[in-house]
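One letter stands for each residue in the lines below.
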Amino acid sequence: MALTRADIAEHLMFKLAIAKPLAQSLVDSFFEEIASNLEAGQMVKLTGFGNFELKQKNARPGRNPKTGKEVTISSRRVTTFRAGQKLRNRIDQENV
């Protein structure tokens, strides 16, 4: 099961005792801030959680899996996430 924006907003509603529209607005604003910073080329560091970073991938040769024909995969920017040490420790503890 996946955690959705609606799930996060609902959790905020009950945890902070706020109205649903305000909770949804907080969640939307949070993700918009992350997206805006990444779009501007800035790394997003969430202490205790991890880092979101924008990386440039160069063009490279590839293959169409259906036809086997060689194609060039264009250069592009991709978002990467690297979990912080605290998050990695929590995840590792859950598997013990």
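Computed from a predicted structure; not experimentally measured.

Turning our attention to unusual backbone geometry. Its identity as a non-glycine residue notwithstanding, Ala17 has a phi of 55°, on the positive side. Mapped onto the elements, Ala17 comes out in the loop between helix H1 (5-16) and helix H2 (20-39).

Time to look at the sheet that holds strand E2 (residues 50-57). Strand pairing in a sheet relies on backbone hydrogen bonds. The paired strands run either parallel or antiparallel. Read across the open sheet, the three strands follow the order E1-E2-E5; overall the sheet is antiparallel. Both edges of this open sheet fall to strand E1 (44-46) and strand E5 (76-83), since each of them pairs with a single strand only. Between one strand axis and the next, the sheet turns through 25° on average, direction left out of account. Relative to E5, E2 runs antiparallel, the two being bridged by eight bridges. Its bridge partner lying in E5, Lys57 is registered against Arg76.

Right, let's get into the pairing of strand E3 (residues 60-63). Here E3 runs beside strand E4 (residues 70-73); their pairing, made up of four bridges, is antiparallel. The partner of Arg63 across the bridge, within E4, is Glu70. Hairpin connection, E3 to E4: the antiparallel pair is bridged by six residues, and Gly68 has positive phi, about 80°.

Turning to the environment of Phe49, a few remarks are in order. Turning to its location among the elements, Phe49 is positioned in the loop between E1 and E2. On the basis of relative accessibility, which here comes to 38%, the residue Phe49 falls in the partly exposed class. Along the primary structure Phe49 and Leu87 are separated by 38 residues, whereas in three dimensions their C-alpha atoms are 5.4 Å apart. Residues within four places of Phe49 in sequence aside, it is in contact with Phe81, Ala83, Gly84 and Leu87.

Definitions and cut-offs
- Residues numbered from 1 in each chain as written.
- Predicted model: local features only at pLDDT ≥ 70, side-chain atom pairs only at ≥ 80, totals over all residues.
- Heavy atoms only, no water.
- Helix = DSSP H or I, 4+ residues; strand = E, 2+ residues; numbered from the N terminus.
- Pairing = 2+ DSSP bridges.
- Axes fitted to C-alpha atoms, helices over the stretch in contact; angles between N-to-C directions.
- Buried < 20%, exposed > 50% of the residue type's maximum accessible area, 1.4 Å probe, protein only.
- Contact = heavy atoms within 4.5 Å.

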